[in-house]
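Listed below are the residues making up each chain.
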Amino acid sequence: MNNTLNTQDTFTTAARLGLTEHETQLVLQILGRNPTFTELGIFSVMWSEHCSYKCSKPLLKKFPTTGSSVIIKAGEENAGILDIGDGWAICFKIESHNHPSAIEPFQGAATGVGGIIRDIFTMGARPILLANSLRFGEIRGHNPQALHNRRLLAGVVAGIAHYGNCIGLPTVAGEVSFDPAYEGNPLVNVFCLGILRHQDIRLGRASGPGNPVIYVGAKTGRDGVAGASFASRDLTEDSKKDRPAVQVGDPFTEKLLLEACLELFQDAEAVVGIQDMGAAGLTCSTCETAARGNSGIEIELDLVPQRETDLDSFSIMLSESQERMLIIARKGHEDRVLNTFKKWDLDAAIIGTVTEDGLMRVNQHGTPVAEIPARRLTNEAPIYRLLAQPPASSTHIPPQPNLNNLELTAALGALLSSPTIASKRWIYRQFDHMVRLGTILSPGHDAAVIRIPIHEDSAESPAYKYIALSLDCNGHHCALDPYTGAQLAVYECARNLACTGARPIGLTDNLNFGNPHNPHVFWQLEQATEGIAQACIHLGIPVTGGNVSLYNQSPLGPIDPTPTVAIVGLIDDPSHITPSYFPTPELDIWLLGHPYGHLGGSQFAKEILGKKSGPCPQLNPEQELALHHLLRQLIAQGHIASAHDCSEGGLAVAIAECCFHPLHPVSAHCDLTCFLNPPAQTCSFAELLYNEFPTRVVISANQNNAQKILESAQAHHIPATKIGRTTPHDSPLTLQLANHKLTFDRAQLYSSWATALESIMQLQPTT
Amino acid sequence: MKWGIVRFPGSNCDQDLYHVIRYILGQKATYLWHKDTDLQNCDIIALPGGFSYGDYLRCGAIARFSPIMQEVLAHASRGGPIIGICNGFQVLCESQLLPGALIRNRTLHFVCQHVHLLGEGPALKQTKLYVPIAHGEGCYYNSPDGLKKLEYENQILLRYCSPQGTITEEDNPNGSLNNIAAICSPNRRIWGMMPHPERACEAALGSTDGLTLFRCFLQQISTA
């Protein structure tokens, strides 16, 4: 090998690229010689946390990954695959693009969407929907930070809209919240789901020595070089200099790439393996396909389509230019592949072949520039067991407000217009959430419900599968108690699905944490993964894959631990699809579950009392699961008209939200007197109205079903209490607490909730 | 009736339109590839929504030069019926089969929501419809004279309105002049609209008013 670095340069360059001294020693040992600059670059990206999960892998092993419906397990391929019956399957995954979005929100978010879509269609699936989970710092106010955070929000939303709308995928669900903990380090997690027939599954494997390796899609440029390493560092004041590490997205090219790949897959023979070039680009796609195929790969960089001349081998191997795929074709079928991409006006070039020796061999101008055993870059990358240490225990006293009626009344309006709780219409209106004619419950409901046509071409009228999707995570809860907080996220997600009538079938997670070398942060990660694992085992659902995003911290410190989860569910009968909003006046309103709890971790404590402290809400997993069963049973029996879970803002906010149908709103009169002074405890008005304990759902039902609801609830050991009636939309919304009656103008409440985000986004900085 | 749905690179409502024509309207439909030069004996040409050629340059500006568009122009000159939805409407304006232009929404944001529409002219009369829009560049623009001509020739098909059916600035989602959402050619056989009727043909999706719109179109081209 020519061009190897001398030993001193090896260590200084390796350090600059983010490899530790120990890792550099390992590189020397693996190669048995000094590396070239390109080889060091390859090791640095493949051994980054982003690609290797070197710090998180031991924790991820706790997740349940098997189940009767699992076809492809988590970690085996680019995304897991689950059976949904009748020969069809779904493939879904969530992924973060936090660091790029922090410094270039539009392109950062857009390319995040592009990347997750490729992860899905590389499996042979047709992507059918998108969703997202976003976190930003405080956006209210005229100060420069708030202005910057509004710019980040506007840029991220526009970026997601740009990519998703153009490629023609509906963005059907999301969750967004705002907290100073995300100041300087917003979170952008994007989710994609696709469908496929069982026989159409494609794998990212390079097998069959002599098979050609074909590069397809956009040309390689200098953008996003070593982005995976950039994403595996803390964000600092200097991170703006890393802007070249952010990729630039072209959804139009990806749309062509998507259609061309799916068209090519109709030929069962032509493609042996396929992998997208995402993080670590050509490097990752070549060594991962080789490692999975127990083979080697040899490529010549001169054959790679390039956007500019004189690209060096380091840049070509580490570029994260978007909209590119690597295809391992079957020998003799090269023309089929090349012609398909030509039809779609895309570049396609044979750049190498599959070999037998297990080596990833890279040549440029006919000269070797890298020669590394592929498995040493992937499966056999170093793994670390980091130190976990809980923070010193602090006193966890729940915040105790003492508010009069007037203040309590004002609190509801204030909570409804706080950005975390307010309507997200300003955001989802920018996303095409209806294309592909599948969106049955659109953004605004507890979970999105989508119909998926199957057998469209053979049948007179298409048959459908109905799936539900929800994303959740309350970073505030996780900051107080990462184990319980993560569990709460999983159960809330499952509860949201149950409210629409769905049963959960699988989960994907996006673990957003700070720097894992901080023992407190690593402890949070350990606790949160344990919480997710236990909750999934209890719910009987597999984790089908996901993403780990560490080093989410700015000079202000680490973010709140944010283990975002997305759960996909199935609805067997479309008549069971249940909305969140009260549909008509003259219905009974019920609370399933009990309403008690303290205000720790609540939006009320944060927004009204200014306290982000106290104990985390408590969870009873058995009750929670029983509630889900009860909901699905009541829905299947046709006993309830709507169901909405209580989450941020507690019971009062949940009741109000049920009255906010955008087209046909109704109002409500609720009497909560029966909940005051429960046995053996005292419960203040504020605690009753605004605590955020889980395991409770507000439903509406015809009064004739009262007996049935009571009986079913009793059988599941879930308290069921009739708390009021729905009323015409122009009646006031009232909450009765013994002698105290809180009265709200429904239309006014709605308007403050519906327009809050839009008004905030129009704030101008003071000059 | 046989419909031909043109697929440009970047079209993304082509499958939705196919679904509605074939399964809801119960008519024949086929796809026409943008590089083709044969309309395959289709009676109606449909230009679907999407981002043809990535909306680069201007929406619909490049699609206009696709080989298939020469055939579509010939079809139009023979009096053949054409419907353009969203990006299809933009292509029709760029091809000068319909007058005016569609420019960036007043808010500069993409907007996806249901809107209330009020029909006018012989085909749609005073029909009130509730149909989604989804576009970033749907602000209809024309010169004062052009607008006068449209009004005079009864070429306006739909305007954005309030739930009660009044034409107000508040209910104009994109800044279109005179709240114009859809227009037709003077011979009434070429229809262009920003709303997506194909997204409102099934109760499961929230509205069936799109079906009314398609039926009015079919009625119109069978009589005119």
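Heads up: the structure comes first, above all this text.
Residues numbered from 1 in each chain as written. Chains lettered and ligands numbered in written order. Predicted model: local features only at pLDDT ≥ 70, side-chain atom pairs only at ≥ 80, totals over all residues. Heavy atoms only, no water.

K.L.:
Would you mind going over the overall build of chain B with me for this structure?
P.N.:
A count of helical and extended segments in chain B gives six helices and 11 strands. Rg of the C-alpha trace for chain B: 16 Å, near the compact-globule value of 17 Å for 224 residues, within the 12% margin. Along the longest, intermediate and shortest principal axes, the C-alpha atoms of chain B span 45 × 35 × 30 Å. Across the 224 residues of chain B, 64% fall into the buried class. At a minimum sequence separation of 6, the contacts of chain B that also span at least 24 residues come to 72%. A total accessible area of about 8300 Å² is found for chain B, and carbon and sulfur atoms account for 51% of it. In chain B, the 19 positive side-chain charges and the 19 negative ones have mean positions that sit 4 Å from each other. (Helix = DSSP H or I, 4+ residues; strand = E, 2+ residues; numbered from the N terminus. Rg over C-alpha atoms; globule rule 2.2 N^0.38 Å. Buried < 20%, exposed > 50% of the residue type's maximum accessible area, 1.4 Å probe, protein only. Contact = heavy atoms within 4.5 Å. Areas by Shrake-Rupley, 256 points an atom, 1.4 Å probe, with all protein chains shown as cover. Lys, Arg positive; Asp, Glu negative; His and termini not counted. Charge placed at Lys NZ, Arg CZ, Asp CG, Glu CD.)

K.L.:
Would you take a moment to explain unusual backbone geometry for this structure?
P.N.:
Positive phi is not limited to glycine here, since N3 of chain A has a value of about 60°. Here the phi dihedral of Q96 of chain B falls at roughly 60°; this positive angle occurs in a residue that is not glycine. Mapped onto the elements of the fold, Q96 of chain B is located in the loop between α3 (87-94) and β5 (101-103).

K.L.:
Could you clarify how one ought to interpret helix α11 (residues 281-292) of chain A in this entry?
P.N.:
Since the α-helix turns once every 3.6 residues, residues separated by three or four places project in the same direction. All names here are of chain A. Given a rise of 1.5 Å per residue, 12 residues ought to cover 16 Å, and the 17 Å separating the end C-alpha atoms of α11 matches this to within 8%. Buried residues dominate α11, accounting for 11 of its 12 residues. When α11 is considered as a whole, its buried residues turn out to be G281, L282, T283, C284, S285, T286, C287, E288, T289, A290 and A291. (Expected span 1.5 Å × (residues − 1).)

K.L.:
Explanation requested: the packing of aromatic side chains in the structure shown.
P.N.:
What characterises a pair of aromatic rings is the spacing of the ring centres plus the angle enclosed by the ring planes. Scanning the entire structure with this criterion turns up 18 aromatic pairs over all chains. Centroid distance F43 of chain A to W47 of chain A: 4.9 Å. Interplanar angle 70°. Geometry classified as edge-to-face. For W47 of chain A, a relative accessible area of 0% corresponds to the buried category. When the centroid spacing of 6.2 Å and the interplanar angle of 75° are considered together, the rings of W3 of chain B and F214 of chain B count as edge-to-face. Here W3 of chain B is found in strand β1 (residues 2-7), whereas its partner F214 of chain B is found in helix α6 (residues 209-223), with 211 residues between them in sequence. For the pair W3 of chain B and F214 of chain B, one class covers both residues: buried. Taken together, W3, W191, F214 and F217 of chain B form an aromatic cluster joined through their ring pairs. K343 of chain A extends its terminal NZ or CZ atom over the ring of W33 of chain B, reaching a point 4.7 Å from the ring centre. (Phe/Tyr/Trp six-rings, centres within 6.5 Å; stacked < 30°, edge-to-face > 60°. Lys NZ or Arg CZ within 6 Å of the ring centre and 35° of its normal.)

K.L.:
Just to check I follow, could you spell out the interface of chain B and chain A for this structure?
P.N.:
Many structure descriptions define interface size as the accessible area lost when the parts assemble. Listed by partner, the interface residues are 34 residues for chain B and 36 residues for chain A. Interface of chain B and chain A: buried area, both sides summed, is about 2800 Å²; carbon and sulfur atoms make up 57% of it. Area buried by chain B at its contact with chain A is led by Y23, F110 and C112 of chain B, which between them contribute 19% of it. Viewed at the interface, chain A and chain B are joined by three salt bridges. At the junction of chain B with chain A, the criterion picks out 10 residue pairs in polar contact (both at pLDDT 80 or more). Those elements giving two or more residues to the side of chain B that touches chain A turn out to be α1 (14-24), β6 (111-119) and β7 (128-135) of chain B. Ranked by residues supplied to the side of chain B that touches chain A, first place goes to α1 of chain B with seven residues. (Buried area = accessible area lost by both parts, 1.4 Å probe. Salt bridge = Lys/Arg side-chain N within 4 Å of Asp/Glu carboxyl O. Polar contact = N/O pair within 3.5 Å; in protein donor to acceptor, adjacent residues only side chain to side chain.)

K.L.:
Honestly, the sheet that holds strand β22 (residues 588-592) of chain A in this entry has me stumped. Any pointers?
P.N.:
Within a sheet, adjacent strands bond to each other through the backbone by hydrogen bonds, running parallel or antiparallel. Residue and element names in this part refer to chain A. One open sheet holds the seven strands; their spatial order is β23-β25-β22-β26-β24-β27-β28, and the pairing between them is mixed. Both edges of this open sheet fall to β23 (642-645) and β28 (740-744), since each of them pairs with a single strand only. Within the sheet, the average angular offset between the axes of one strand and its neighbour, ignoring direction, is 20°. The pairing of strand β24 (residues 667-671) with strand β26 (residues 720-727) spans four bridges and is classified as antiparallel. Within the sheet, the bridge partner assigned to S667 lies in β26 and is T727. Contacting β23 and β25 (697-701), helix α18 (residues 482-500) crosses the sheet at an angle of about 170° to β23. Packing against the sheet, helix α21 (residues 621-636) makes contact with β22, β23 and β25, and its axis sits at approximately 150° to β22. (Pairing = 2+ DSSP bridges. Axes fitted to C-alpha atoms, helices over the stretch in contact; angles between N-to-C directions.)

K.L.:
Help me understand the side chain of E300 of chain A, please; the structure alone is not making it clear to me.
P.N.:
Residue and element names in this part refer to chain A. Position of E300 among the secondary structure elements: in strand β9 (residues 296-300). One buried charged side chain, E300, makes no salt bridge at all; its nearest oppositely charged neighbour is R361, positioned 11 Å away. Within the structure, E300 has its side chain in polar contact with the backbone nitrogen of G366 (distance 3.0 Å). Ignoring any residue separated from it by four or fewer positions in sequence, one finds E300 in contact with I351, N363, Q364, H365 and G366.

K.L.:
Whenever I open this one, a nonpolar patch on the surface confuses me. Can you help?
P.N.:
A contiguous nonpolar patch, built from Y56, L57 and I62 of chain B and spanning about 310 Å² of accessible area, is present on the exposed surface. Within the fold, I62 of chain B resides in the loop between β3 (44-47) and α2 (67-77). (Patch = residues over 30% accessible without salt bridge, like charges linked within 9 Å, V, L, I, M, F, W, Y side chains within 5 Å.)

K.L.:
Quick question: what am I supposed to make of the pattern of salt bridges here?
P.N.:
It is possible for side chains bearing opposite charge to pair when their charged atoms get close. Residues and elements named next belong to chain A. According to the stated counting rule, one finds 45 salt bridges over all chains in the structure shown. For R126, the salt bridge goes to E259, with nearest N and O atoms at 2.9 Å. Here R126 is found in strand β4 (residues 126-136), whereas its partner E259 is found in helix α10 (residues 251-265), with 133 residues between them in sequence. A salt bridge links E380 to R376; the shortest N-O distance between them is 3.4 Å. Given the relative accessible area of 28%, R376 is considered partly exposed. Put simply, E77, R205, E288 and R292 are held in one network by salt bridges that share partners.

K.L.:
Could you clarify how one ought to interpret the environment of S44 of chain A in this entry?
P.N.:
All names here are of chain A. Along the polypeptide, S44 turns up in helix α3 (residues 37-46). Here the alpha-carbon distance between S44 and D347, two residues 303 residues apart in the chain, equals 29 Å. When near neighbours in sequence (up to four residues on either side) are disregarded, S44 contacts L17, L19 and S229. There is a polar contact of 2.8 Å between the side chain of S44 and the backbone oxygen of G41.

K.L.:
Help me understand the state of the cysteines, please; the structure alone is not making it clear to me.
P.N.:
Each disulfide consists of a covalent bond between the sulfur atoms of two cysteine residues. All names here are of chain A. Evaluation of the coordinates by the stated rule reveals zero disulfides over all chains. For C284, which is in no disulfide, the shortest distance to another cysteine sulfur is to C51 and amounts to 4.8 Å. Using a relative accessible area of 8% as the deciding quantity, one classes C284 as buried. The thiol sulfur of C499 is not disulfide-bonded, and the nearest other cysteine sulfur, from C646, lies at 8.9 Å. (Disulfide = S-S within 2.5 Å.)

K.L.:
Can you walk me through empty space enclosed by the protein in this structure?
P.N.:
Residue and element names in this part refer to chain A. In the structure shown here, the tally under the stated rule is four cavities of 30 Å³ or more. The space that makes up the largest cavity amounts to roughly 140 Å³. Lining the largest cavity are 15 residues, and of these H477, L488, E492, S647 and E692 sit closest to its centre. The element best represented in the lining of the largest cavity is α18, accounting for five residues. For the lining of the largest cavity, the class distribution of residues is six nonpolar, four polar and five charged. (1 Å grid on protein atoms, 1.4 Å probe; cavity = no way out; pocket = protein on both sides within 12 Å on 5 of 7 lines; lining within 4 Å. Points joined across faces, edges and corners; volume = space filled by probe spheres on them. Nonpolar A, V, L, I, M, F, W, Y, C, P; charged D, E, K, R; others polar.)

K.L.:
Explain the pairing of strand β7 (residues 212-217) of chain A to me, please; I cannot follow it from the model alone.
P.N.:
Within a regular strand, the side chains alternate between the two sheet faces. Residues and elements named next belong to chain A. Of all the six residues making up β7, six are buried; the element is thus mostly covered by neighbouring parts of the structure. Where β7 meets strand β11 (residues 347-355), six bridges bridge the pair, whose relative direction is antiparallel. Looking across to β11, one finds that G217 is bridged to D347. Two strands pair when backbone bridges link them, and β7 and strand β10 (residues 324-329) are joined in this way by five bridges, in the antiparallel orientation. The residue of β10 that forms the bridge with Y215 is L326.

K.L.:
How should the sheet that holds strand β6 (residues 187-197) of chain A be read in this particular structure?
P.N.:
All names here are of chain A. Taken in spatial order, the six strands line up as β1-β2-β3-β6-β4-β5 in an open sheet, and their pairing is mixed. Sheet topology places β1 (70-72) and β5 (171-178) at the edges, where each strand pairs with a single neighbour. Strand-to-strand, the axes of this sheet are offset by a mean angle of 25°, without reference to chain direction. Bridge count for β1 against strand β2 (residues 80-85) is two bridges, and the pairing is antiparallel. In the strand pairing of β2, I72 is matched with I81. Those strands touched by helix α8 (residues 144-167) are β4, β5 and β6, and its axis lies near 180° from that of β4.

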